[in-house]
Amino acid sequence: MTTLTLTCADIVRYLSDYLEDNLADDVARAARDHIATCDNCRIVLDSTQQMILLYRDHGRAQRLPLARQTELFGRLAAAFSERRPPGQG
Ligand SMILES: [Zn+2]
């Protein structure tokens, strides 16, 4: 049995499916394994979940509007590639 390994980019791509339980078992497991060991992806997951909860609280939309989602993921992807060492800036 092979073990699937996901990258941060994969997590970002699969995030909405992951949150909605739409992933195949092995992909979902690989995603969980990655998130458990990756601070970046934990932050992404937390902020996405909070945003979804906010939307639900307001009762305006059950799903994140796609444009918002794309914007958020784009910002996160940029943040990953522009990470600065702590204590700078
Ligand atoms: Zn990651």
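Residues numbered from 1 in each chain as written. Predicted model: local features only at pLDDT ≥ 70, side-chain atom pairs only at ≥ 80, totals over all residues.

A. Representation of the packing of helix H1 (residues 8-19) against helix H2 (residues 25-37) in the model. Interhelical geometry of H1 versus H2 gives an angle of 120° and a closest axis separation of 11 Å. The hand of the H1/H2 crossing is left-handed. Counting all contacts with H1, which are made through Ile-11, Tyr-14 and Tyr-18, the residues of H2 involved are Val-27, Ala-28, Ala-31, His-34 and Ile-35. Taken together, the residues of the contact of H1 with H2 sort by class into seven nonpolar, one polar and no charged. (Axes fitted to C-alpha atoms, helices over the stretch in contact; angles between N-to-C directions. Helix = DSSP H or I, 4+ residues; strand = E, 2+ residues; numbered from the N terminus. Left-handed = near helix turned anticlockwise from the far one by under 90°. Contact = placed C-beta atoms within 7 Å. Nonpolar A, V, L, I, M, F, W, Y, C, P; charged D, E, K, R; others polar.)

B. Representation of the nonpolar core within the structure. Grouped together as the largest cluster of nonpolar side chains are eight residues: Leu-6, Ile-11, Val-12, Leu-15, Ala-31, Ile-35, Cys-41 and Val-44. Listing elements by their share of this core, those giving two or more residues are H1, H2 and helix H3 (39-58). When residues of this core are assigned to their parent elements, the largest contribution, three residues, is made by H1. Residue contacts for Ile-11: discarding those within four places in its chain leaves Leu-6, Ala-31, His-34, Ile-35, Cys-41 and Val-44. (Core = buried A, V, L, I, M, F, W, Y, C linked by C-beta atoms within 7 Å. Buried ≥ 20, exposed ≤ 12 C-beta atoms within 10 Å, placed from the backbone.)

C. Fine view of H1. The first and last C-alpha atoms of H1 sit 15 Å apart over twelve residues, in line with the 16 Å expected at 1.5 Å per residue. Burial in H1 covers these residues: Ile-11, Val-12 and Leu-15. The buried residues of H1 all sit within an arc of 100° when viewed along its axis, so they share a single face. Of the residues trailing H1, Asp-21 is marked for its positive phi of about 65°. (Expected span 1.5 Å × (residues − 1). Arc of directions from axis to C-beta.)

D. How the structure looks around H2. In this model, H2 (13 residues) spans 19 Å end to end at C-alpha, consistent with the 18 Å of a helix rising 1.5 Å per residue. Turning to H2, its buried residues number three or more, namely Ala-31, His-34 and Ile-35. Buried positions in H2, seen along its axis, are confined to an arc of 95° and lie on one side of it. In this structure, H2 carries Asp-25, Asp-26, Ala-36 and Thr-37 as exposed residues pointing more than 90 degrees from its buried face.

E. Quick look at the environment of Ile-52. The topology assignment puts Ile-52 in helix H3. Using a count of 18 C-beta atoms within 10 Å as the deciding quantity, one classes Ile-52 as partly exposed. Taking the C-alpha atoms as reference, Ile-52 lies 9.8 Å from Leu-19; in sequence the two are 33 residues apart.

F. Structural view of the confidence of the model for the chain. Scored by pLDDT, the chain has a mean of 80; 78% of the residues are at 70 or more. For the chain, per-element mean pLDDT is lowest for helix H4 (residues 66-81), which scores 73, and highest for H2, which scores 95. (pLDDT = per-residue confidence, 0-100.)

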